[in-house]
Number of protein chains: 2
Amino acid sequence: MEKIYVVIGGCAAGMSAATQIRRREPNAKIVVFEKTKFVSYGSCGIPFYISGEIKDPNSLIVYTPEHFRKVRKIDVYTQTLVEKINTSTKTVEAKNLETGEKILQEYHRLILATGGTPKRAVPLKKNVFRVRNLEDGINLKNYLNEKIPKRVAVIGSGFLGLEMSEAFRKLGMQVFLFEKMSRVLPQFDEEISKIVEKELISNNVSVFKGVAVEFASESEKIIANFNNTHIEVDFVLDAVGVSPEVELINGTSIETGKTGAVSVNDRLQTADPSIFAAGDCIEVKHILTGEKIYIPQGTTANKTGRIAGINASGGSEIFEGVLGTSITKVFSLHAAKTGLGEEEAKKIFPDVEVETSTSLSKAHYYPGAEKIFTKLIFSKANGQILGAQMVGKDGVGKRIDIFATIIYAKMQLKEASRLDLSYNPSVAPVWDPVLRAINKALQQ
Amino acid sequence: MEKIYVVIGGCAAGMSAATQIRRREPNAKIVVFEKTKFVSYGSCGIPFYISGEIKDPNSLIVYTPEHFRKVRKIDVYTQTLVEKINTSTKTVEAKNLETGEKILQEYHRLILATGGTPKRAVPLKKNVFRVRNLEDGINLKNYLNEKIPKRVAVIGSGFLGLEMSEAFRKLGMQVFLFEKMSRVLPQFDEEISKIVEKELISNNVSVFKGVAVEFASESEKIIANFNNTHIEVDFVLDAVGVSPEVELINGTSIETGKTGAVSVNDRLQTADPSIFAAGDCIEVKHILTGEKIYIPQGTTANKTGRIAGINASGGSEIFEGVLGTSITKVFSLHAAKTGLGEEEAKKIFPDVEVETSTSLSKAHYYPGAEKIFTKLIFSKANGQILGAQMVGKDGVGKRIDIFATIIYAKMQLKEASRLDLSYNPSVAPVWDPVLRAINKALQQ
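As the structure is a computational prediction, the values presented were derived from the model and not from experiment.

Student: So what exactly am I meant to see when it comes to helix α4 (residues 134-147) of chain B here?
Tutor: Residues and elements named next belong to chain B. Along its 14 residues, α4 runs 20 Å from first to last C-alpha, staying within 8% of the 20 Å computed at 1.5 Å per residue. Among the residues of α4, L134, D136, G137, I138, L140, K141, Y143 and L144 are the ones counted as buried. On the buried face of α4, the contacting elements are α2 (46-51), β9 (128-129), α5 (159-170) and β16 (235-238). Between the side-chain oxygen of the N-cap and the backbone nitrogen of E135 there are 3.1 Å, and the N-cap of α4 in question is N133.

Student: Just checking my understanding: could you explain unusual backbone geometry for this structure?
Tutor: Most peptide bonds adopt trans geometry, and most residues besides glycine take a negative phi value. All names here are of chain A. Of note in the backbone geometry, Q79 takes a positive phi value of approximately 50° without being a glycine. By the element assignment, Q79 lies in the loop between β3 (75-77) and β4 (80-86). Backbone geometry places L268, a non-glycine residue, at a positive phi of 70°. Within the fold, L268 resides in the loop between β17 (242-244) and β18 (275-277).

Student: In this structure, what is going on with the relation of the copies chain A and chain B? I would like to understand it.
Tutor: The two chain copies are connected by a rotation around an axis plus a translation along it. Rotating chain A by 180° and moving it 0.0 Å along the rotation axis overlays it on chain B with an RMSD of 0.0 Å. What we have between these two chains is a two-fold relation. Ranked by how close their C-alpha atoms come to the rotation axis, the residues of chain A are headed by I402 of chain A, at 2.5 Å. Most of the interface of chain A is mirrored in chain B, where 100% of its interface residues are also at the interface.

Student: I keep staring at the environment of V92 of chain A and nothing clicks. Help me out?
Tutor: All names here are of chain A. Mapped onto the fold, V92 is located in strand β5 (residues 91-96). In sequence terms V92 and Y107 are 15 residues apart; their C-alpha atoms lie 7.7 Å from each other. Excluding residues within four positions of it along the chain, V92 makes contact with V6, I8, F33, V82, K84, I85, I103, L104, Q105, Y107 and L110.

Student: Where do I start with the packing of aromatic side chains in this structure?
Tutor: Enumeration according to the criterion identifies 24 aromatic pairs over all chains in this entry. A ring pair is formed by F168 of chain B and F235 of chain B, whose centres lie 5.3 Å apart and whose planes are at 90°; its orientation type is edge-to-face. Here F235 of chain B lies in strand β16 and F168 of chain B lies in helix α5, a separation of 67 residues in the sequence. The burial state of F168 of chain B is the same as that of F235 of chain B; both residues are buried. Measuring from ring centre to ring centre gives 5.1 Å for F178 of chain B and F208 of chain B, while their planes differ by 15°; the resulting arrangement is stacked. One end of the pair, F178 of chain B, is in strand β11 (residues 174-179); the other, F208 of chain B, is in strand β12 (residues 205-209), with 30 residues separating them in the sequence. Here F178 of chain B falls in the buried class, since its relative accessible area comes to 1%. Classification of F208 of chain B by relative accessible area gives partly exposed; the value is 21%. Through a chain of ring-to-ring contacts, the aromatic side chains of F129, Y143, F168 and F235 of chain A assemble into a single cluster. R72 of chain A extends its terminal NZ or CZ atom over the ring of Y63 of chain A, reaching a point 4.4 Å from the ring centre.

Procedures and definitions
Residues numbered from 1 in each chain as written. Chains lettered and ligands numbered in written order. Predicted model: local features only at pLDDT ≥ 70, side-chain atom pairs only at ≥ 80, totals over all residues. Heavy atoms only, no water. Helix = DSSP H or I, 4+ residues; strand = E, 2+ residues; numbered from the N terminus. Expected span 1.5 Å × (residues − 1). Buried < 20%, exposed > 50% of the residue type's maximum accessible area, 1.4 Å probe, protein only. Contact = heavy atoms within 4.5 Å. Polar contact = N/O pair within 3.5 Å; in protein donor to acceptor, adjacent residues only side chain to side chain. Least-squares fit on C-alpha atoms with pLDDT ≥ 70 in both. Phe/Tyr/Trp six-rings, centres within 6.5 Å; stacked < 30°, edge-to-face > 60°. Lys NZ or Arg CZ within 6 Å of the ring centre and 35° of its normal.

In structure tokens form, the structure reads like this:
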């Protein structure tokens, strides 16, 4: 009998899984249910579409549903919501959101790739936007094109909040950015937050930190109320983060971990051995601490989707975990991190020290050289490098990955100081900022 | 009695050594002899000064002799050539090249940092330039400013030959590039050479490979003769490489290795225990093969200078060697490598395989995304990654260092495929070219 694989969710994780299954099982039936119109797109590109830097939302799409159907023989159902998983009969119940048509689909192996759903800071509905998937992005862009709003309140200064603030400023809007924590980009250490905040302010974003903001509707306008201050805005972007979309596991033996996301073993199998899970709905292991964390990211979605697909179809790949490597663009800056922040590190490792340094992205005399600020977190006890954070206008991008590799290899400062890194005046100073940061830490 | 350190050579290695000694020995006497007018400059910036991208040659200088004298209390003698080392009396004999004045200087510890000297492909003297130090660069620039030559023959297509070819094209000259090997940039693998050659040709550099060129003087002109072809040029840049400057060790117990460069132990000590050596005059160990190689580089000069200074003044640092990580800029391309090339690897490791891949430097939809070609060299037997070479218009710079770190950590393909690298559409596709290359190799 023909084997049937069902994949719930057609974004990065789901389509990576489906593709791997097809490679390994040329004759299996593979069904993907996706609730939106789109599959296989780069949602991280949405802010650049909002800003107008990318004109066509279709350019964010890697492959269309038609491509998957025709070339890869994968039965992709778009605008189709899975409403229930019946693990006893090994079936899923889905509904076409356009026609209302119901589908009952059996499976031998199921891949759960339901992704994340935006958290809600604001109960208001009218003119409050949340941007998670490409449809959300297109809705917001249509609103911007139609209403040409002038003033926006952005709630949350994580990656999405900051990247969208930049996009709105590029469109000429007044941007009021609200962060309930005491500093912007709170997933980074304080030193980085300060530099990022300066960049926001110098780009005329009004930044309010440690602020509990409330909103009231007033005809077509929204009033943001905080600290006895009242600011009128045209719309609100609610960007306070993402939580795992796990509703479907009710009534199954699949469990969530302490993060609230789906718990999987290192083969990405859930408690139900026929069901694998991947992407933004699962929790993953932090490579350094061994702890389970929830950190939805495109890279991880692609990797875990790939591995879930391989393992569901009889392969045996391990997902080892993440270091939390990430990077965001804030106007002319890139801010990047990998490994543990200072506070996280201090909770787990004894004798944690930090060292900050500033060096140039290229030779001092080479045009376009820009300052890079680096914070290094390491164990004074054994010299192990535990985390790094960098911010600057140039050359941060892939330099953080040198640290990601150093930390993954569990190198100590001394060992890492011996790295033979590339040098040409156009790409680095003769002592690369990475080595300079390490050498400075060694001198402590 | 006050301890006396003498350093021969005031470029990267020498001044790094002198600086480290001063840090560790606040009261020692430190003397540096430098045969040119300049110390502590970035000679890798000379092509950019020739092209006019950098206007002032002084901007290549990190610290002036005055700075070293006043702030670091280091006795820097410029335009002073050391003519002899007497190891029995522990003295050096030097001569001021301007005044002819002779100096006899005793030492307790000596640092040999004499650097390299350009090899000579061309016996002609008039209008033949070799560019090694900043004085050479200034001489050439003065000639260009004064004579405004139109046609140049560049001999050698290594880093210097290519970077100078670009500089000459930027000044509007006709450039004839001669390489005696069958391909340009012969220290890279063939696939990279081909891409680089295309870039040269599309920038109107006339490239002649596998060519034995001879030159004849004819009044103010030079005739390049090869393959029954005769091309008239105004001047020649002889850029066929560098050999270690080791003349001074005659009459001492210091030895050269099979590369012809000064042989040192891993503390950078020569056969004479009072004499340390660093920079472009020494041979270094290849980290992967353990073999001694001669690979003069600014990064290594700085590192070995630092370590020689520390060890000469009683410290104990190890120089572990190099991976040959290097990068050059050729018009709009960067070409970079680390570890072993295919042929080198095959000589030493059994079962060497290669894999090539092309991917984008940023997300496909992000403005400025450019192709990166990657060649990976690895052991099929145990999966160890042995070398990587990359070429492209964007994002090659520090990506090669991810491979340098991978190779240094002796990672296997599988392990490296699990790296958690950074992603944002503005700096990488969701599968970074590094991971894509590794995954493709894993599929072999």
